[in-house]
Amino acid sequence: MAALAQELTIGEVARRAGVATSALRFYEERGLIESSRTAGNQRRYSRSVLRRVALIRAAQSAGLSLTAIANALDNHPDGSAPSAAEWEVMSSQWRDDVERRIDELIALRDQIASCIGCGCLSLAACGLLNPDDRAGSDGSGARYLMGGEAL
Ligand code: FES
């Protein structure tokens, strides 16, 4: 019976974690958190869910997808929460992901800058339409019109 006192209702988790109950149900549907059910089919969460929800929110703030977060939590399929050391490793990897996205956004910004005042919308010349010169590597001629991939 003492173990039950350690369990939290969905309302308690929502209040303590600062998220809506609908968010908790969504996280659970996506496999990010788990609950047990009472005889009356009400959700009960272990206290470790608070740390998992905090981690999920932090990761979302860093722009990670729920899939990426779920992958990170795969090492804790029992619903336990990552330790401080594990969180340090995760957040370090996510920092690297953020830096990679910053680099991609800077490149995108520079490509957009070349479009400002241009107006060509050329499949061959515009970096936004052909970022890796895909058309050029497919051969000469009107590749998109011939291959069915129209503008
Ligand atoms: S519109 Fe001309 S380079 Fe993008």
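Please refer to the structure placed before this passage.
Residues numbered from 1 in each chain as written. Predicted model: local features only at pLDDT ≥ 70, side-chain atom pairs only at ≥ 80, totals over all residues. Heavy atoms only, no water.

1. Focus: the overall build of the protein
Next, step 1: When its secondary structure is counted, the protein shows 8 helices and 2 strands.
Next, step 2: Going from the N terminus to the C terminus, the protein shows its helices and strands as α-α-α-β-β-α-α-α-α-α.
Next, step 3: A total of 151 residues make up the protein; the buried ones form 24% of that total.
Next, step 4: The long-range share in the protein, meaning contacts at least 24 apart out of those at least 6 apart in sequence, stands at 49%.
Next, step 5: Working note: accessible area of the protein is about 9700 Å², and carbon and sulfur atoms make up 54% of it. (Helix = DSSP H or I, 4+ residues; strand = E, 2+ residues; numbered from the N terminus. Buried < 20%, exposed > 50% of the residue type's maximum accessible area, 1.4 Å probe, protein only. Contact = heavy atoms within 4.5 Å. Areas by Shrake-Rupley, 256 points an atom, 1.4 Å probe, with all protein chains shown as cover.)

2. So, helix α4 (residues 48-61)
Next, step 1: The terminal C-alpha atoms of α4 lie 20 Å apart, and with 14 residues this matches the ideal 20 Å at 1.5 Å per residue to within 8%.
Next, step 2: Listing the buried residues of α4 in full gives V49, L50, R52, V53, L55, I56 and A59.
Next, step 3: Residues of α4 that are buried make contact with α2 (10-17), α3 (21-29), α5 (66-72) and α6 (84-115).
Next, step 4: Downstream of α4 by one or two residues, G63 has phi in the positive range, about 90°. (Expected span 1.5 Å × (residues − 1).)

3. Overview of the nonpolar core
Proteins that are soluble and globular tend to have nonpolar side chains buried together.
Next, step 1: L24, Y27, L32, I33, V53 and I69 are the most contacted members of the largest nonpolar core, which has 25 residues in total.
Next, step 2: Among the elements of the structure, α2, α3, α4, α5 and α6 are those that each provide at least two residues to this core.
Next, step 3: It is α4 that contributes the most residues to this core, 6 residues altogether. (Core = buried A, V, L, I, M, F, W, Y, C linked by side-chain atoms within 4.5 Å.)

4. With respect to the packing of aromatic side chains
Next, step 1: All told, the structure shown has 1 aromatic pair when counted by the stated rule.
Next, step 2: Measuring from centroid to centroid gives 5.6 Å for W87 and W94, while their planes differ by 75°, and the two rings are edge-to-face.
Next, step 3: A relative accessible area of 29% means that W87 is categorised as partly exposed. (Phe/Tyr/Trp six-rings, centres within 6.5 Å; stacked < 30°, edge-to-face > 60°.)

5. Comments concerning the pattern of salt bridges
Next, step 1: Counted by the stated rule, this structure contains 4 salt bridges.
Next, step 2: Across the pair R95 and D96 runs a salt bridge whose closest N-O atoms are separated by 3.6 Å.
Next, step 3: The partly exposed category is assigned to R95, whose relative accessible area is 47%.
Next, step 4: The shortest N-O distance in the salt bridge between R100 and E104 comes to 3.0 Å. Of this pair, R100 and E104 both sit in helix α6, separated by 4 residues, roughly a single helical turn. (Salt bridge = Lys/Arg side-chain N within 4 Å of Asp/Glu carboxyl O.)

Without other data, these values stay purely geometric and don't point to any function.
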